[in-house]
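Descriptive analysis of the structure
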Amino acid sequence: MPRLLLPLLRLCSLLILLGLGALPAAPVQARNAPAESQVAAPITEVSLSSLPAEARRTLSLIRQGGPFPHAKDGVVFGNREKLLPRQRRGHYTEYTVETPGARNRGARRIVVGGDPRTSPEVYYSDDHYQSFKRIRE
């Protein structure tokens, strides 16, 4: 077995010298820089009056502290999509905006940062968190 080791090492050395062992370097990304696919688009603003009536009713319920029609209303929104400003876990809560004709909760949501009754940080999504608009009350 040791007789084969020396020729094998020579072959590996030769391949490396010929460039067969060299691979193109992978692009280096800055350690804290997000990948292009993770860069959030700027959040636009929308006036409360321009939202559907169901969204205005949901925000009114949020400001009153409920009661809410869905068990998942008021649960923590994890911001896994990273489209909203980064905050500690538990900062955002989500609420269902009724969708007429939908058999389930639908795709529309309001997400609130901080105290839902008073926070000015309120966002609307009509495409199940693919995009957000900040609500201007």
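Report on the accompanying structure. Model, not experiment: these values are computed from the prediction. (Residues numbered from 1 in each chain as written. Predicted model: local features only at pLDDT ≥ 70, side-chain atom pairs only at ≥ 80, totals over all residues. Heavy atoms only, no water.)

1. A look at the pattern of salt bridges
Applying the stated criterion across every chain, the model contains five salt bridges. Residue Glu-54 pairs with Arg-108 through a salt bridge whose shortest N-O separation is 3.2 Å. Remark: Arg-108 occurs in the loop between strand E3 (92-96) and strand E4 (109-113) and Glu-54 occurs in helix H2 (residues 53-64); sequence separation between them is 54 residues. With a shortest N-O distance of 2.3 Å, Glu-137 and Arg-63 are connected by a salt bridge. In this pair, Glu-137 is assigned in the segment after strand E6 (133-136) and Arg-63 in helix H2, connecting sequence segments 74 residues apart. Judged by its relative accessible area of 57%, Glu-137 falls in the exposed class. Residue Arg-63 is classed as partly exposed on the basis of its relative accessible area, which comes to 21%. (Salt bridge = Lys/Arg side-chain N within 4 Å of Asp/Glu carboxyl O. Helix = DSSP H or I, 4+ residues; strand = E, 2+ residues; numbered from the N terminus. Buried < 20%, exposed > 50% of the residue type's maximum accessible area, 1.4 Å probe, protein only.)

2. Quick word on the nonpolar core
Listed in full, the 12 residues of the largest apolar core are Val-46, Leu-51, Ala-55, Leu-59, Ile-62, Tyr-95, Val-97, Ile-110, Val-112, Val-122, Tyr-124 and Ile-135. Put simply, the parts of the chain that give this core at least two residues each are H2, E4 and strand E5 (122-125). The dominant element in this core, judged by the number of residues it contributes, is H2, at three residues. In this structure, Tyr-124 is in contact with Leu-51, Pro-52, Ala-55, Val-97, Arg-108, Arg-109, Ile-110, Ser-131, Phe-132, Lys-133 and Ile-135, ignoring residues within four places of it in sequence. (Core = buried A, V, L, I, M, F, W, Y, C linked by side-chain atoms within 4.5 Å. Contact = heavy atoms within 4.5 Å.)

3. So, the environment of Gly-114
Considering the arrangement of structural elements, one finds Gly-114 in the loop between E4 and E5. Residue Gly-114 is classed as partly exposed on the basis of its relative accessible area, which comes to 30%. Separated by 23 residues in sequence, Gly-114 and His-91 have C-alpha atoms that sit 5.4 Å apart. If we ignore the near neighbours within four places in the chain, the residues touching Gly-114 are His-91 and Ser-119.

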